[in-house]
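Spelled out from the first residue to the last, the chains are:
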Amino acid sequence: MEQHAEVLIGGTWPQRVPGWRDLIAIALVMAIVVLLGSGARQMVAPLVAARGATISLSPAVLPNYALRTTLRMLAALIASLIFTFVYATPAAKSRRAETLLIPLLDVLQSVPVLGYLSFTVVFFVSLFPGSWLGPELAAIFAIFTSQAWNMTFSFYQSLITTPTDLVEASRSFRFSGWQRFWRLEVPFAMPGLIWNMMMSMSGGWFFVVASEAISVGAFQMALPGVGSYVALAIQQRSLAAVGWAIMAMTLTILVYDQLLFRPLVAWADKFRFEQTAAQVVPRSWVLDLFRQATLTKYVTASVASGVQSVARARLALPHRPAWLEQLIPSRPIVDTAWYGAIAGLIAYATAKLVQFARPELSWSDVTIATGNGLLTLARVVILIILATLVWVPIGVAVGLRPRIASKVQPVAQFLAAFPANLLFPIAVYVVVRFQLAPKIWLSPLMILGTQWYILFNVIAGASAFPSDFREAAASFRIRGWRWWREVMLPGIFPYYVTGAITASGGAWNASIVAELVYWGSTSINGGGLGAYIAQMTLAGDYPRIALGIAVMSGFVISMNRLIWRPLYAFAERRTRLD
């Protein structure tokens, strides 16, 4: 009060001098920079010099392995974020672009990680011969394919459900498209996008074994990392090494949760769409530290000012001249030409696929792949239903309580990141010991790649649910099942659809590692399309790899077209926060 009084009577505000917060902040930043620089230097080392190095199961190497794995996932996460902005924006804003980009996104999501590795690893290695950078880029790209799709769907869902009154307000202020994107649409999407970024990071852990222990036909290469460590531990049946890997994963997830995601969640809380202040807000000691540190304010002030200037710049496309308007065909003609081009592109891709596979495949191969696909489809549907019944109530309970969410967040990230490979010893032992049916008892492994997408998106939806809506429901004494039916389920429905559609794709991808499991020399085949693709990948049978991927893409696209797209349209019409 004395300081405020001094300012009011014409005095000056006393400037804070650097203190212990500044020392901790500087030390933290320098430590992160040194670690990132050390890991990046190893990733571009000459391949000849490093070829003699082999993967070790010594616990002493795990800190460096964890650093290398985390760097790959962070690089893939940044690439996924850029892809999200570039891809989802035209899909949400252009009807013609949506007809091409969203089905294409369904296809990209349906292709398993092993499918991307099968056809891209040689390309990336050939780009940088004699350097680790080529294999590193192959691994980063594989992790990117496990991260990007759910982030893109989340951002797309936020763009098409942006409240109409906010859009009208931006038009009243004469925002350009650039300004509306950075000052309205991105902030509105930020809470859900950050939770999906956390899910993407965890999804990268789930497929890190396939990404780092690359094995496609005769080509085999292991990159130093937790994934290759786990692969070697499974090959040598070392339970002690599996335990060390779990410990390294746990510590790594806790570190980047505290340093990255929890500050982002606390920072993004200010973008919640509501008219009353939230009673409890998420907190982060790292964010509080940097906000209270004097030196970091001076360093980041100019950067923040530059970013705000760019976001507020009135950038807009130039107006088309009148003579050009007269040359543009009518909308029906443009639509016909556009859809015709899409149909031609699909026909060309189909012809190329048939030409590639015809010499090696027969109709019996198609029948076998389709039958395996139906088995995997049944597993996916059952797991989606079970995950919905279990995690929607839990996600709502957590999302409505920020204090609980801050405690559940790292636990959920660890469980979502837990690779199914680490459960192979238990699965193999139980199936063999009790002579169980692999087609049934290997299915629970797929739920590790399914349930967390639903949980994270429901938590994001409940966290973003406006407090004034909840207060209005309490004022009208809306309780019990009516509260779920009329208040909460409509509020989180767009987020649930995003989680469910990515959960479906995650389950199909998880089938690659869950339907065919190994523990040393022992293998158990549960059947299904995932086991089919995994077998063909190990054999280097590219025509049948392509066939399996095509069948999987067909099943995923059919589910998206028949189930998830209509639900997206329903969410856009009926559950907008207007």
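1. As for the confidence of the model for the chain
For residues with low pLDDT, the predicted coordinates do not support detailed interpretation.
So, step 1. Predicted confidence across the chain gives a mean pLDDT of 78, with 81% of residues reaching 70 or more.
So, step 2. Throughout residues 1–9 the model reports pLDDT below 50, and contacts reaching past four residues in sequence, or to other chains, amount to six contacts.

2. Some details on the environment of alanine 462
So, step 1. If you trace the backbone, alanine 462 turns up in helix 22 (residues 451–464).
So, step 2. Given the relative accessible area of 2%, alanine 462 is considered buried.
So, step 3. Among all residues touching alanine 462, those that are not within four sequence positions of it are Gly395, Val396, Gly399, Leu400 and Ile492.

3. Details of a nonpolar patch on the surface
So, step 1. Taken together, Val381, Ile385, Leu389, Val390 and Ile394 make up a surface patch of nonpolar side chains, about 430 Å² in accessible area.
So, step 2. Its location among the elements puts leucine 389 in helix 18 (residues 363–399).
So, step 3. Judged by its relative accessible area of 62%, leucine 389 is exposed.

4. Concerning helix 18
So, step 1. With 37 residues, helix 18 should reach 54 Å at 1.5 Å per residue; the first-to-last C-alpha distance of 50 Å fits that figure.
So, step 2. At tryptophan 391, helix 18 shows its largest bend, some 35°, and a proline, proline 393, comes one to four positions later.

5. Here's the deal with the nonpolar core
So, step 1. If you look at the biggest cluster of nonpolar residues, it comprises 131 residues, and the most contacted ones within it are Phe155, Trp205, Ile454, Trp483, Trp508 and Leu529.
So, step 2. The element contributing the most residues to this core is helix 24 (residues 480–514), with 17 residues.
So, step 3. Not counting residues up to four positions away in its chain, the partners in contact with phenylalanine 155 are Thr84, Phe85, Ala88, Thr89, Phe181, Glu185, Val186, Ala189 and Leu193.

6. Describing the packing of helix 18 against helix 24
So, step 1. The interhelical angle for the contact between helix 18 and helix 24, taken along N-to-C directions, is 145°, at an axis separation of 9 Å. For the element pair helix 18 and helix 24, the recorded crossing hand is right-handed. Seen from helix 18, the contacting residues are Gly373, Thr376, Leu377, Val380, Ile384, Thr388, Val392, Pro393 and Val396; seen from helix 24, they are Trp483, Trp484, Met488, Leu489, Ile492, Tyr496, Ala500, Ala503, Ser504, Ala507, Trp508 and Ser511.
So, step 2. Split by residue class, the contact of helix 18 with helix 24 holds 16 nonpolar, five polar and no charged.

How each quantity is defined
Residues numbered from 1 in each chain as written. Predicted model: local features only at pLDDT ≥ 70, side-chain atom pairs only at ≥ 80, totals over all residues. Heavy atoms only, no water. pLDDT = per-residue confidence, 0-100. Contact = heavy atoms within 4.5 Å. Helix = DSSP H or I, 4+ residues; strand = E, 2+ residues; numbered from the N terminus. Buried < 20%, exposed > 50% of the residue type's maximum accessible area, 1.4 Å probe, protein only. Patch = residues over 30% accessible without salt bridge, like charges linked within 9 Å, V, L, I, M, F, W, Y side chains within 5 Å. Areas by Shrake-Rupley, 256 points an atom, 1.4 Å probe, with all protein chains shown as cover. Salt bridge = Lys/Arg side-chain N within 4 Å of Asp/Glu carboxyl O. Expected span 1.5 Å × (residues − 1). Bend = angle between axes of the 7 residues up to and from the residue. Core = buried A, V, L, I, M, F, W, Y, C linked by side-chain atoms within 4.5 Å. Axes fitted to C-alpha atoms, helices over the stretch in contact; angles between N-to-C directions. Left-handed = near helix turned anticlockwise from the far one by under 90°. Nonpolar A, V, L, I, M, F, W, Y, C, P; charged D, E, K, R; others polar.

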